[in-house]
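One letter stands for each residue in the lines below.
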Amino acid sequence: MQGTAVKAQREERYWSRFALSYDRDGEYIVGNPILEAIVKRLSDEQDLGDSLEFGCGTGYFTRAMAGQARHVIATDLSDEMLEVAGAQLREFQNVTIQRADCASTDFSAETFDTVLMANLIHVIDNPSPCLQESYRILKRGGLLIAVDFTGYRLDLFRSIQLGLRYVRKWGVPPRHGRNALSPEELTRLVESAGFKIKDVQLLEGGSNALYLRGLKGTSANLPSSEFKMFRGRS
C-alpha cells in the first residue's frame, strides 16, 4: 500500500510540472484533430447524470462531459492541475473541482451514473485499483468511459514523430507507460474490474485514441463487444 502511494506521488509530481502549459503542449504533441474527435465523441454521449472524472488535469475534456451531465465532480491528484482546471471551468455551474486519488476515494458505493477516465489508464503504473474504485462508486448499470491516446495502428513515421514531440515537451515518458495500448489490452483491463464492455472504438486524427464504454454489472442482456473504427479530421 505504501509503495502504491509513493508511485502515485511520483506520477503527481511528474505531471504537475506541466500544469500551466499542459493544454498547449498536448495540442502540439498529438494534434488538434484527435483532440476534437474525442471532444465530439464525448459531446455525443447522452444523459450522463451524476458524473465523476478521474484525472481531469486542466479540465480539457470536462467541458464536453459537463454538457451531457447533471453534475460533474472533476478530480485529480495534482493541486497545480486543479488550480488551472478551476480557472478554466469557472463558468460551468454544474462542475465541482475536487482533489482525489482514483485508486481510493471517500465517495460512497453506487453514487455515480458515469465515470470518465481520459488519458489515465495508459500513463499510471497500475490502473487496476482505479478501475476497481470506478466499479465500486458506479451505480448498477452505470457507465465507464475510458479514453486513451495510443500508438496502436500508427505507422512507424507517425509513431517516431509523436515520440519526438513528446520528448521535446515532457521529456522521457515514464517506463510503465502503455504507449501502444490495443483495444484487446484495454478491454482485458476493464473487464478484469468487473465491467461488461459495451463497445470499443479507435478514433483517428493524425494521432490515435481508444474510446471504450463499459457497464457495471446489470441483468440486462448486452450485445457482445464490438470494435468500431472512426476517423477524426486529419
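Computed from a predicted model, the values in this text were never measured in an experiment.

Conventions adopted
- Residues numbered from 1 in each chain as written.
- Predicted model: local features only at pLDDT ≥ 70, side-chain atom pairs only at ≥ 80, totals over all residues.
- Heavy atoms only, no water.
- Helix = DSSP H or I, 4+ residues; strand = E, 2+ residues; numbered from the N terminus.
- Buried < 20%, exposed > 50% of the residue type's maximum accessible area, 1.4 Å probe, protein only.
- Contact = heavy atoms within 4.5 Å.
- Areas by Shrake-Rupley, 256 points an atom, 1.4 Å probe, with all protein chains shown as cover.
- Salt bridge = Lys/Arg side-chain N within 4 Å of Asp/Glu carboxyl O.
- pLDDT = per-residue confidence, 0-100.
- Arc of directions from axis to C-beta.
- Patch = residues over 30% accessible without salt bridge, like charges linked within 9 Å, V, L, I, M, F, W, Y side chains within 5 Å.
- Polar contact = N/O pair within 3.5 Å; in protein donor to acceptor, adjacent residues only side chain to side chain.
- Phe/Tyr/Trp six-rings, centres within 6.5 Å; stacked < 30°, edge-to-face > 60°.
- Lys NZ or Arg CZ within 6 Å of the ring centre and 35° of its normal.

**Concerning the overall build of the protein**
Thinking step 1. Within the protein one finds eight helices and eight strands.
Thinking step 2. Counting all 234 residues of the protein, 52% fall into the buried class.
Thinking step 3. Considering only intrachain contacts with a sequence separation of at least 6, the fraction spanning at least 24 residues in the protein is 72%.
Thinking step 4. For the protein, the exposed surface amounts to about 11400 Å²; the carbon and sulfur share of it is 49%.

**Let's talk about the pattern of salt bridges**
Thinking step 1. Applying the stated criterion across every chain, the model contains eleven salt bridges.
Thinking step 2. For Asp25, the salt bridge identified is with Lys169, shortest N-O distance 3.9 Å. Here the residue Asp25 occupies a position in helix H2 (residues 22–30), and Lys169 occupies one in helix H7 (residues 156–170), the gap between them amounting to 144 residues.
Thinking step 3. Owing to a relative accessible area of 5%, Asp25 belongs among the buried residues under this scheme.
Thinking step 4. Here Glu45 makes a salt bridge to Arg41, at a shortest N to O gap of 3.4 Å.

**Some thoughts on the confidence of the model for the protein**
Thinking step 1. Taken residue by residue, the protein gives an average pLDDT of 87. The fraction at 70 or more is 85%.
Thinking step 2. Confidence drops under pLDDT 50 across residues 219–225; counting only partners more than four residues distant or on other chains, this segment forms seven contacts.

**As for helix H8 (residues 183–192)**
Thinking step 1. Listed as buried for H8 are Pro183, Leu186, Thr187, Leu189 and Val190. Down the axis of H8, the buried side of the element spans an arc of 165°, and every buried residue falls inside it. Relative to its buried face, H8 has exposed residues pointing more than 90 degrees away, namely Arg188 and Ser192.

**Structural notes on a nonpolar patch on the surface**
Thinking step 1. On the surface, a cluster of nonpolar side chains totalling about 290 Å² of accessible area is made up of Leu156, Ile160 and Leu164.
Thinking step 2. If you trace the backbone, Leu156 turns up in helix H7.

**Considerations on the side chain of Asp148**
Thinking step 1. With respect to the helices, strands and loops of the structure, Asp148 is situated in strand E5 (residues 138–150).
Thinking step 2. Judged by its relative accessible area of 0%, Asp148 is buried.
Thinking step 3. Here the side chain of Asp148 touches Ile121 through a polar contact of 3.3 Å, landing on its backbone nitrogen.
Thinking step 4. For Asp148, the side chain forms a polar contact with the side chain of His122, separated by 2.6 Å.
Thinking step 5. Discounting residues that sit within four places of it in the chain, Asp148 has contacts with Asn119, Leu120, Ile121, His122, Leu181, Leu186, Asn208, Ala209 and Leu210.

**A look at the packing of aromatic side chains**
Thinking step 1. Considering all chains together, one arrives at five aromatic pairs under this definition.
Thinking step 2. Between the aromatic rings of Tyr135 and Phe195, the centroid separation amounts to 5.1 Å while the plane-to-plane angle is 80°, which identifies the pairing as edge-to-face. Residue Tyr135 is found in helix H6 (residues 128–137), and its partner Phe195 is found in the loop between H8 and strand E6 (196–205); the two are separated by 60 residues along the sequence.
Thinking step 3. Directly above the aromatic system of Tyr28 lies the positively charged group of Lys169, at a separation of 5.2 Å from the ring centroid.
Thinking step 4. Over the aromatic face of Tyr135 sits the side chain of Lys216, whose NZ or CZ is 5.0 Å from the ring centroid.

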